[in-house]
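Notes for the structure review
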Amino acid sequence: APLLGEGLVFVAAPKTAEGLGDTIEMADVLERELVLAGERDPVRQLVVGAAERLALPLKVGFEATSVSMMKSLVMRGDAASVMPRGSVGAEIDTGRLVGLRIVNPVVSRTLYLVRSSRRAPFQAEAEISDFLFAMVDSFAERMGNLVHKL
């Protein structure tokens, strides 16, 4: 079952994001050199899909193998990125990075809770599900307009 939709954000060093508002158009994101994960990464595939729909090239300046490497390159100002807000929340909250909501089009992903219908529920499954739903509620509340419950 789908739990929530999470909008991706344009992530940049504060000096790189000077003069930008709270949102950025996807076409403007694609004008910049980006650091992204490898070609099979789901977030990268969302960015590639948006670039294709807009008929604009994707400029990948760096291909990173980890989120921490991506954040480091962005914090140094070597490139910008597109990432889930949850991956860079602490850095945005402390001002080390700036995260702008992407619009026209909005680029988002969906979090699903998947369970086999062919097996019996395991012990405490209901309690674990309740805990997960509470965590999703808390996450959605913290992320504001970037996340919506489904």
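Residues numbered from 1 in each chain as written. Predicted model: local features only at pLDDT ≥ 70, side-chain atom pairs only at ≥ 80, totals over all residues. Heavy atoms only, no water.

1. Notes on the overall build of the chain
Counting its regular elements, the chain contains 5 helices and 8 strands. When the helices and strands of the chain are listed from N to C terminus, the series reads β-β-α-β-α-β-α-β-α-β-β-α-β. Taking the principal axes of the C-alpha coordinates as reference, the chain spans close to 50 × 35 × 30 Å. By residue count, 37% of the 150 residues in the chain fall in the buried class. Where the 17 positive side-chain charges of the chain centre and where its 19 negative ones centre are 4 Å apart. (Helix = DSSP H or I, 4+ residues; strand = E, 2+ residues; numbered from the N terminus. Buried < 20%, exposed > 50% of the residue type's maximum accessible area, 1.4 Å probe, protein only. Lys, Arg positive; Asp, Glu negative; His and termini not counted. Charge placed at Lys NZ, Arg CZ, Asp CG, Glu CD.)

2. Concerning the side chain of Ser81
With respect to the helices and strands, Ser81 occurs in strand β5 (residues 81-84). Among the residues examined, Ser81 registers a relative accessible area of 0% and is labelled buried. Those residues in contact with Ser81 that sit more than four places away from it in its chain are Val9, Phe10, Val11, Leu34, Val35, Leu36, Met70 and Val74. (Contact = heavy atoms within 4.5 Å.)

3. As for the packing of helix α3 (residues 67-75) against helix α4 (residues 85-93)
Packing of α3 against α4 leaves a shortest axis separation of 11 Å and a crossing angle of 40°. Taken together, α3 and α4 sit at an angle that is classed as oblique. Between α3 and α4 lies a crossing whose hand is right-handed. Across the interface between the two elements, Val67, Lys71 and Met75 from α3 touch Ser87, Val88 and Glu91 from α4. Taken together, the residues of the contact of α3 with α4 sort by class into 3 nonpolar, 1 polar and 2 charged. (Axes fitted to C-alpha atoms, helices over the stretch in contact; angles between N-to-C directions. Parallel < 35°, antiparallel > 145°, perpendicular 65-115°, else oblique. Left-handed = near helix turned anticlockwise from the far one by under 90°. Nonpolar A, V, L, I, M, F, W, Y, C, P; charged D, E, K, R; others polar.)

4. A closer look at a nonpolar patch on the surface
Judged by side-chain polarity, Phe122, Ile128, Phe131, Leu132 and Met135 come together as a nonpolar surface patch covering roughly 470 Å² of accessible area. Within the secondary structure layout, Met135 lies in helix α5 (residues 125-143). The class for Met135 is partly exposed, based on a relative accessible area of 44%. (Patch = residues over 30% accessible without salt bridge, like charges linked within 9 Å, V, L, I, M, F, W, Y side chains within 5 Å. Areas by Shrake-Rupley, 256 points an atom, 1.4 Å probe, with all protein chains shown as cover. Salt bridge = Lys/Arg side-chain N within 4 Å of Asp/Glu carboxyl O.)

5. Side note on unusual backbone geometry
Omega for the peptide link from Asn104 to Pro105 comes to 0°, which places this bond in the cis form. Positive phi, normally seen in glycine, also occurs at Ala55, with a value near 55°. Relative to the helices and strands, Ala55 resides in the loop between α2 (42-54) and β4 (60-63).

6. Here's the deal with α3
Those residues of α3 that fall on the buried side of the exposure criterion are Met70, Lys71, Leu73 and Val74. Buried residues of α3 fall within an arc of 165° about the axis and therefore sit on the same side. If you follow the buried residues of α3, they end up packed against β1 (2-12), β3 (34-36), β4, β5 and α4. One or two positions beyond α3, positive phi appears at Gly77, with a value near 85°. (Arc of directions from axis to C-beta.)

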